Each structure stands twice: as structure tokens, then as C-alpha cells.
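In case you want the letters, here they are:
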Amino acid sequence: MTKMTTLTDLVDSISENEENSVAVAAAADSAVLEAVSLALGHGLASFRLYDDESKLKALIQNSFPHLEYHPRIQTFHVKGAAQAAKEAVKSVYMNESNVLMKGHIPTAVLLKAVLNPDFGLRTGNVLSHVAAFEIQGFDRLIFITDAGMNISPDLQQKAQIIQNAVQIARSVGVDMPIVAPLAAVEVVNPNMQATLDAAALTAMNRRGQITDCIIDGPLALDNAISPKAAEHKGILGETAGKADILLVPNIESGNILYKSLVYFSNAKVGGVIAGAKAPIVLTSRADSADSKLFSLALAICSSTIS
């Protein structure tokens, strides 16, 4: 696949394909249907909508009449959030859909269904959030992980979080992503766990324990993304300042970095939960319409129907 440099490129790369199907748990919500409508307008996928039939039908008729008889929409009646999550997850489990999307439902309810041992989507891997950012002045997408799932991951969890992010990056054309485990400094400090983990992850990569990427760390943010800053610090090499994936040490730092890019620099973003049998889209009501579209496109690009 050609390397995507913008999120719009990502949307444009998805041709209308009958195999692309998104199962939406608890779809009777204006913000959710807005995202569905936008995605349909770009021909990204078909949608299977799970919710109370009368509630969903009334909302579509009143606010989204163009969706009522849309050929790429199917609606399914369920009673309550738990059943909506169960049936949407089962749709992915049965290969009727290749992406799961959270509607107006608590994340915990959806993830409980995802982790169900009988019909869920667990793989044994850590689930982690991967966000793809389009930032003005950069010639590539920047991936940030994990800003939304794992609170304080240990070394083994960080290794799996990297593998999840690498899989997402490779799905949009970054063949050998450069991964920077972030810390406050560029040297190993026994009093700073982030630097110890970063050094260990770098060694694991060089010994073939983490594959399909290049890991170099610990690095502070400036030296990870700016070749000029890296040069000033005496950090040399082909990957210096050219990170594709930024691994944050904990959820607080990830959350702050994520929201700083969105609110201070107006960066464009799309995000998915990776590590399950299929990508999961967890859009928020605060997300822009474009962000919801980009999240769906990222999920579709990283999924296949087996």
C-alpha cells in the first residue's frame, strides 16, 4: 500500500467495497448517526445498526431521513445496552462485520462483550488505543499510543502496545515504522522507570522480540520528532527525529499530548482500539465529524474479513 501522509488520503484510499461492514452498538444517537451518514457519503462501508427499533426508526425519520431506506444500512432490534453490545460484537465474531463501533453506550458495557469468552473478540493481547494525527508542518502521520486504555503499562504491556500500533501504521502504508518510547530525558536513569522501559524495548527490538519496526529510546518528545533538535543533542542516525509512533509512558501523559494536539494546534485525528480480532471505534460526542470519519477510515484500513 502507498504510504498515507494525510488522513484525507486515508479516506480517499478506501474504495466502495461490499465487504466493509461496521457493526454499531446502540446506534440511536444523533452524533452516532452523523458519523454513519458521513461515512456513507464517502462510500466507506455498510452499517449494521443495533438498538431499540422504534427509537432508532424515529430518530432516523426525524433527523436523518436520507438514511431510512439506504441500501447500505441494516437495522436490528435489541433491548438495552448490554444486548446491543452483545449482538454487535457477535456480528463481528461471525464475520458479518469487520469493524465494531461504540454508539451511545458505556465503554465498559461494550468491552465486557468484546471480552466475552464465548463470542467475544479477545486474542490474548493487550487492547490499546492508537491515534493517527495529521499535524501541520509534518510530512507524515504521527501515531500516539496509548492515550485511552492502559493506565500505567508495564514493560510487557508496552511491547504489546507497540505491536498493536505497528500493525495499524503498517496498514496505512508505513512499512517499517520508527517507534520512539518517550521519556523526559534521552539517557537511562534508574530513578525514571520510563527510561528503563524504553531502553529495554529498544534492546528487545534489536534482538527480534518486537518486529516490523525500529525502536529507539528513551527520547524526549523534541528529539523524537525533530531532526534538528536531535542533532543539537548529539543524537545521530537515520531515525533521529523521524519517529512515526510515539509510545507514551502512561495514560496521563498520553491524554495530555493527545488533547494538546487537538486543542492547541487543531491537528486532525482518527483513533481506534487495537489488539482485538477486529478494530474498535470509540468515538466521543466531543469528537468532530471529521474525527469520526477518520476513525472509521483508520479502522477499515486496518481490518479484513477473514
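Since we're looking at a predicted model, the values are computed, not measured.

Criteria and cut-off values
- Residues numbered from 1 in each chain as written.
- Predicted model: local features only at pLDDT ≥ 70, side-chain atom pairs only at ≥ 80, totals over all residues.
- Heavy atoms only, no water.
- Helix = DSSP H or I, 4+ residues; strand = E, 2+ residues; numbered from the N terminus.
- Rg over C-alpha atoms; globule rule 2.2 N^0.38 Å.
- Buried < 20%, exposed > 50% of the residue type's maximum accessible area, 1.4 Å probe, protein only.
- Contact = heavy atoms within 4.5 Å.
- Areas by Shrake-Rupley, 256 points an atom, 1.4 Å probe, with all protein chains shown as cover.
- Lys, Arg positive; Asp, Glu negative; His and termini not counted.
- Charge placed at Lys NZ, Arg CZ, Asp CG, Glu CD.
- Pairing = 2+ DSSP bridges.
- Phe/Tyr/Trp six-rings, centres within 6.5 Å; stacked < 30°, edge-to-face > 60°.
- Salt bridge = Lys/Arg side-chain N within 4 Å of Asp/Glu carboxyl O.
- Axes fitted to C-alpha atoms, helices over the stretch in contact; angles between N-to-C directions.
- Left-handed = near helix turned anticlockwise from the far one by under 90°.
- Nonpolar A, V, L, I, M, F, W, Y, C, P; charged D, E, K, R; others polar.

Caption draft 1: Layout of the overall build of the chain. Per the secondary structure count, the chain includes 11 helices and 11 strands. Its C-alpha atoms give the chain a radius of gyration of 20 Å, near enough to 19 Å, the size a compact globule of 306 residues would have. By principal-axis analysis of the C-alpha atoms, the chain measures approximately 65 × 40 × 30 Å. The 306 residues of the chain split such that 52% are buried. Residue pairs at least 24 apart in sequence account for 74% of intrachain contacts in the chain once pairs closer than 6 positions are excluded. Carbon together with sulfur atoms contributes 51% to the accessible area of the chain, which is approximately 13,900 Å² in total. Of the side-chain charges in the chain, 24 are positive and 30 negative, and the distance between the mean point of each set is 5 Å.

Caption draft 2: Region of the structure containing the pairing of strand 3 (residues 73-77). Looking at chain direction, strand 2 (residues 46-51) and strand 3 are connected through five bridges and run parallel. Paired with Asp-51 across the strands is His-77, a residue of strand 3.

Caption draft 3: Structural context of the environment of Asn-255. Along the chain, Asn-255 turns up in helix 10 (residues 251-264). Residue classification places Asn-255 among the partly exposed residues on the basis of a relative accessible area of 29%. For the pair Asn-255 and Ile-144, spaced 111 residues apart in sequence, the C-alpha separation works out to 9.8 Å.

Caption draft 4: How the structure looks around the packing of aromatic side chains. One pass over the structure, following the stated rule, counts two aromatic pairs. For the pair Tyr-50 and Phe-76, a centre-to-centre distance of 4.8 Å together with 15 degrees between the ring planes defines the contact as stacked. Taken together, the positions of Tyr-50 in strand 2 and Phe-76 in strand 3 put the pair 26 residues apart, joining distant regions of the chain. Between the aromatic rings of Phe-133 and Tyr-258, the centroid separation amounts to 5.1 Å while the plane-to-plane angle is 80 degrees, which identifies the pairing as edge-to-face. With Phe-133 in strand 5 (residues 128-134) and Tyr-258 in helix 10, this pair connects stretches of sequence that are 125 residues apart. You'll find Phe-133 and Tyr-258 in the same group, each marked buried.

Caption draft 5: Looking closely at the pattern of salt bridges. Counted by the stated rule, this structure contains six salt bridges. A salt bridge links Glu-34 to Lys-292; its shortest N-O distance comes to 3.5 Å. Taken together, the residues Glu-34 in helix 2 (residues 30-41) and Lys-292 in helix 11 (residues 289-301) connect sequence positions 258 residues apart. A relative accessible area of 36% means that Glu-34 is categorised as partly exposed. On the basis of relative accessible area, Lys-292 is assigned to the buried category, the value being 3%. The closest approach of N and O atoms between Asp-139 and Arg-140, which form a salt bridge, is 3.5 Å. The exposed category is assigned to Asp-139, whose relative accessible area is 59%.

Caption draft 6: View of the pairing of strand 7 (residues 178-181). The alternating pattern of strand 7 places Ile-178 and Ala-180 and Val-179 and Pro-181 on opposite faces, both of which are buried. Pairing geometry for strand 7 and strand 8 (residues 214-215), over two bridges, is parallel. Residue pairing for strand 8: Val-179 is matched across the bridge by Ile-215. Alignment of strand 7 against strand 9 (residues 245-247), held across three bridges, turns out to be parallel. Across the sheet, residue Pro-181 finds its bridge partner in strand 9, namely Leu-247.

Caption draft 7: Highlighting the packing of helix 2 against helix 11. Contact pair helix 2 / helix 11: the axes reach a minimum separation of 9 Å and the direction vectors enclose 60 degrees. Regarding helix 2 and helix 11, the two cross each other, and that crossing is right-handed. Touching Ala-31, Glu-34, Ala-35, Leu-38 and Ala-39 of helix 2 are Ala-289, Asp-290, Lys-292, Leu-293 and Leu-296, all from helix 11. Tallied by class, the residues present in the contact of helix 2 with helix 11 amount to seven nonpolar, no polar and three charged.

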